[in-house]
Amino acid sequence: MAKVRARSDNKRLFFDFYYLGERFREQTLLIECPENRRRLERLIKQIDAEITLGTFEYARYFPESKNVLKVAELKALQATYETSRPMLHRISGHPTVREFGKLWLEENEIRWRRATKSFMENHLNGYVMEEFGQKVVSDITRADILAFRTKLAKVQARKAGTTLAPRTINAYMMVLKSLLNEAADRFQFTAPTNRLPNLKIPKTEFEPFSLEEVFKIINAVPEDYRYYVTVRFFTGMRTAEADGLKWSRIDWSRKQIGIVETYSSGKTETTKNEGSQRYIDMNGLVYDALVAQKQRFGSLSAYVFCNSAGGPLDSTNFSKRVWAPTLKKLGLQIRRPYQMRHTAATLWLASGEAPEWIARQMGHTSTQMLFKVYSRYVPNLTRRDGAAFEQMLASNGFIKTIHAPVLGDDA
């Protein structure tokens, strides 16, 4: 998918797009601002359309780019491959991965959410097309796929000295497997991805904040975002749910928040599944925060949390310009804003709330996630390590004394 992006160092805008199975980036001299971004986005849409139609000429748009020579070499290789492709492939009538991939994306666009569509496009049009774009779908073997996975494991990641993580590799493999499985069903050949296991992924480390840290953050964050942070810490809302929340979904009389929409990647959509649609009960802190937010910004926008223009908050902007600087100022470990959701779960568990109620608040269909992931943080938050159970035994006469902590040899 063709995009306009901004460099993190000098804020200059650049084009980022795929062509002939390769990723290209072309720098501009324009600084990030709404006017410059709109100007370049019009241009990138035109480039994207010409690539789709097969009329794109790289040198016409970027005549001074060193990539002009690279494009010429890719076209020469493509022409050589087409003329030397085995006759068997022509007889089979099966499409190449590039040909079928385009059709596959178009057919699924109607059922995929925007984020899913973007995920599929980005992963398909990157390394997958580079490796398999010119190959006929029925000609790809299991050995080809395993070799591709090995190659991905050696790709340098953005962070210096690291390679692609297993989770990232699995994402590329998932997209490739989905495409080839559909092609196998349609063209009646055996999918080479059958029984191909994923790479093992290290357990995700959840890093919730303590209650003391929560209030430090709330008091230190810029005032315009204080109520936003408060609501997220004490409702467990996902980022897209909080950013997409509208005043019409607040039930003041019942003190409930209706979660039915999300805002992400510049678009408002319904929640990803029925389980995510729910009502969140407001505690006193959340209710007061929303009342204060209503008084300050209620007349500005239909969105509860909005920018100065009345539009939804930009999660990336919040993370980089508000969240991270606040944690740094407090001397806290930098972690994603999503940890506010994990914090809500652990604090609820630590306070003794019913797991079933917590699951409903979080939008989980069962309590499995709570016991599998969050509950392991509760001992740290409650300072209990089995002593509570021993206290119960002692108070009921089943044991005579509560054992003191074991002292070290040098005590």
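A brief report on the enclosed structure follows. Keep in mind that what you see is a predicted model, and the values were worked out from it rather than measured. (Residues numbered from 1 in each chain as written. Predicted model: local features only at pLDDT ≥ 70, side-chain atom pairs only at ≥ 80, totals over all residues. Heavy atoms only, no water.)

1. A short note on the sheet that holds strand β5 (residues 256–259)
Within the open sheet, the three strands sit side by side as β4-β5-β8. Their pairing is antiparallel. The strands lining the two open edges of the sheet, one partner per strand, are β4 (250–251) and β8 (278–281). Bridge analysis of β4 against β5 gives two bridges, and the strand direction is antiparallel. Of the residues in β5, the one forming a bridge with D251 is Q256. (Pairing = 2+ DSSP bridges. Helix = DSSP H or I, 4+ residues; strand = E, 2+ residues; numbered from the N terminus.)

2. Section: the nonpolar core
Formed by 35 residues in total, the largest nonpolar core has its most connected members in V229, F233, I257 and L290. Those elements that place two or more of their residues in this core are α9 (211–220), α10 (226–235), β5, α12 (284–297), α13 (315–330) and α14 (339–351). It is α10 that provides the largest number of residues to this core, a total of six residues. With residues up to four places along the chain from it excluded, the contact list for I257 reads T235, L245, R249, I250, R278, Y279, I280, M282, V286 and L290. Counting residues in hydrophobic clusters, the runner-up holds 29 residues, among them W104, I145, L176 and A184. (Core = buried A, V, L, I, M, F, W, Y, C linked by side-chain atoms within 4.5 Å. Buried < 20%, exposed > 50% of the residue type's maximum accessible area, 1.4 Å probe, protein only. Contact = heavy atoms within 4.5 Å.)

3. Section: unusual backbone geometry
One non-glycine residue with positive phi stands out, namely R195, at about 55°. Counting through the fold element by element, R195 comes out in the loop between α8 (166–187) and α9. For K255, which is not a glycine, the phi torsion comes out positive at approximately 55°. Looking at the element boundaries, K255 is found in the loop between β4 and β5. For K255, a relative accessible area of 41% puts it in the partly exposed group.

4. What to know about helix α15 (residues 355–362)
Think of an α-helix as 3.6 residues a turn; residues three or four steps apart then line up on the same face. Burial analysis of α15 places six of its eight residues in the buried class, the great majority of the element. Along α15, the residues classified as buried are P355, W357, I358, A359, Q361 and M362. Buried residues along α15 sit in contact with α10, β8, α14 and α16 (368–372).

5. A look at the pattern of salt bridges
Per the stated rule, a full pass over the model turns up 17 salt bridges. Residue D16 is joined to R23 by a salt bridge in which the shortest nitrogen-to-oxygen separation is 2.6 Å. In this structure D16 comes out as buried when scored by relative accessible area, which is 3%. Residue K151 is joined to E131 by a salt bridge in which the shortest nitrogen-to-oxygen separation is 2.8 Å. Taken together, the positions of K151 in helix α7 (residues 142–152) and E131 in helix α6 (residues 114–132) put the pair 20 residues apart, joining distant regions of the chain. Judged by its relative accessible area of 45%, K151 is partly exposed. Taking relative accessible area as the criterion, E131 reaches 23% and is therefore assigned partly exposed. Here the salt bridges share partners, and the residues they tie into one network are R5, D16 and R23. (Salt bridge = Lys/Arg side-chain N within 4 Å of Asp/Glu carboxyl O.)

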